[in-house]
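Next come the chains, spelled out residue by residue.
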Amino acid sequence: VRDEVIHENLRRSHTHPVILPPHPHLTSTSTSTLYPSSITMSSATIALRRRSRSAPAAVVFFDLETMLGVPRFRKDFTSFLRSQHCEENMLFWDHVQQYKKIKSSSDRIVQAITIYQTYISDGGSRQVNISDETRQSIGGSVYVPFRSIVSRDMFKRAEEEVFHNMKFHSYPMFCSQQQKQLLQTKRTRSASDTAARAKPIETITTTRPQM
């Protein structure tokens, strides 16, 4: 049942961006995403930009699958995970993506053991939070005597569980933090502009030399 819920949530997330609630102090000029140059506008963002300028705007973030393809986002999101003491989720997910691209069977076996010892096994230096059933299943698959090949999908269940945790726990928290930072930046700029307009203009007086 848990796997079915995870798969359904992942399926839905492909078509719906994450839209945070509007904030009264964010105007329609703030509707662009923080990473606009690397992603395609969704219908939700376009509709949001068409709203009345007097209406408060929401901060729009696209689905996590899309955003992970943006280098700047990956850096910011990884930093956020580090601050939440769950950076291992992103590191594991990245490691598995690289593992699935390995063509050599012998190299894949070496990497499979490395991933298992680092992220899956009890006492791993960067152990991820997955179900005991998944953990035991992977352990039984990695250490098979005289194994000459390992599947590219060996870590599929663990990958899905870890991604589920990032997508539905860490990512919404990250989006909320970004919204607060955007609001703070807007307030700071507004205060700076107000101070600049209120600053008196200095006048320079000159004295005409006596003849």
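See the structure shown above.
Residues numbered from 1 in each chain as written. Predicted model: local features only at pLDDT ≥ 70, side-chain atom pairs only at ≥ 80, totals over all residues. Heavy atoms only, no water.

## Brief notes about the overall build of the protein chain
- Check the secondary structure of the protein chain and you find eight helices and two strands.
- If you list the helices and strands of the protein chain from N to C, you get α-β-α-β-α-α-α-α-α-α.
- Among the 211 residues that make up the protein chain, the fraction classed as buried is 37%.
- Residue pairs in contact within the protein chain that sit at least 24 positions apart in sequence constitute 73% of those at least 6 positions apart.
- Within the structure as shown, the protein chain displays about 13400 Å² of accessible surface, and the carbon and sulfur contribution to it stands at 52%. (Helix = DSSP H or I, 4+ residues; strand = E, 2+ residues; numbered from the N terminus. Buried < 20%, exposed > 50% of the residue type's maximum accessible area, 1.4 Å probe, protein only. Contact = heavy atoms within 4.5 Å. Areas by Shrake-Rupley, 256 points an atom, 1.4 Å probe, with all protein chains shown as cover.)

## So, the environment of Ser 79
- Looking at where Ser 79 falls in the secondary structure, it is placed in helix H4 (residues 71-83).
- With relative accessibility at 34%, the residue Ser 79 sits in the partly exposed group.
- A polar contact is formed between the side chain of Ser 79 and the backbone oxygen of Lys 75, at a distance of 3.0 Å. (Polar contact = N/O pair within 3.5 Å; in protein donor to acceptor, adjacent residues only side chain to side chain.)

## Regarding the pattern of salt bridges
- Overall, the coordinates contain five salt bridges when judged by the stated rule.
- The salt bridge involving Glu 65 is made with Lys 167; its shortest N-O contact spans 2.9 Å. Placement of Glu 65 in helix H3 (residues 64-67) and of Lys 167 in helix H8 (residues 156-198) is noted, with a sequence separation of 102 residues between them. (Salt bridge = Lys/Arg side-chain N within 4 Å of Asp/Glu carboxyl O.)

## Notes on unusual backbone geometry
- For His 85, which is not glycine, the phi dihedral falls at a positive 60°.
- Looking at the element boundaries, His 85 is found in the loop between H4 and helix H5 (87-100).
- What makes His 85 exposed here is its relative accessible area of 69%.

## Looking at the packing of aromatic side chains
- All told, the structure shown has 10 aromatic pairs when counted by the stated rule.
- Centroid distance Phe 92 to Phe 155: 6.5 Å. Interplanar angle 85°. Geometry classified as edge-to-face. Here Phe 92 is found in helix H5, whereas its partner Phe 155 is found in the loop between helix H7 (132-142) and H8, with 63 residues between them in sequence.
- Here a set of aromatic residues connected by ring pairs shows up, and it is made of Phe 73, Phe 77, Phe 80, Tyr 171 and Phe 174. (Phe/Tyr/Trp six-rings, centres within 6.5 Å; stacked < 30°, edge-to-face > 60°.)

## Quick word on the packing of H4 against H5
- The contact between H4 and H5 brings their axes to 7 Å, and the two run at 135°. For the element pair H4 / H5, the angle class is oblique. Residues Arg 74, Phe 77, Thr 78, Leu 81 and Arg 82 of H4 touch H5, and the partners they reach there are Glu 87, Met 90, Trp 93 and Asp 94.
- Class assignment of the residues belonging to the contact of H4 with H5 gives a composition of four nonpolar, one polar and four charged. (Axes fitted to C-alpha atoms, helices over the stretch in contact; angles between N-to-C directions. Parallel < 35°, antiparallel > 145°, perpendicular 65-115°, else oblique. Nonpolar A, V, L, I, M, F, W, Y, C, P; charged D, E, K, R; others polar.)

## Remarks on the nonpolar core
- The biggest cluster of nonpolar side chains holds 18 residues, and the ones touching the most others in it are Phe 92, Tyr 99, Ile 120, Val 128, Ile 138, Met 154 and Phe 155.
- Looking at this core, the elements with two or more residues in it are H5, helix H6 (105-120), H7 and H8.
- Broken down by element, the residue count for this core peaks at six residues, all from H6.
- Not counting residues within four places of it along the chain, the set of residues in contact with Met 154 comprises Tyr 99, Ala 112, Ile 138, Ser 141 and Val 142.
- The next biggest cluster of nonpolar side chains, apart from the first, holds 17 residues, and it includes Leu 64, Met 67, Phe 73 and Trp 93. (Core = buried A, V, L, I, M, F, W, Y, C linked by side-chain atoms within 4.5 Å.)

## Remarks on H4
- Counted at 1.5 Å a residue, the expected span for H4 with its 13 residues is 18 Å, and the 19 Å between its end C-alpha atoms agrees.
- Remark: His 85 follows H4 within two positions and exhibits a positive phi of approximately 60°. (Expected span 1.5 Å × (residues − 1).)

## A closer look at H5
- In this model, H5 (14 residues) spans 21 Å end to end at C-alpha, consistent with the 20 Å of a helix rising 1.5 Å per residue.
- Taken together, the buried positions of H5 are occupied by Glu 87, Glu 88, Asn 89, Met 90, Phe 92, Trp 93, Asp 94, His 95, Val 96, Gln 97 and Tyr 99.

## Notes on the environment of Thr 134
- Among the structural elements, Thr 134 can be located in helix H7.
- For the pair formed by Thr 134 and Ala 158, sequence separation is 24 residues and the distance between their alpha carbons is 6.4 Å.
- In terms of polar contacts, Thr 134 uses its side chain to reach the side chain of Glu 161, at 2.7 Å.

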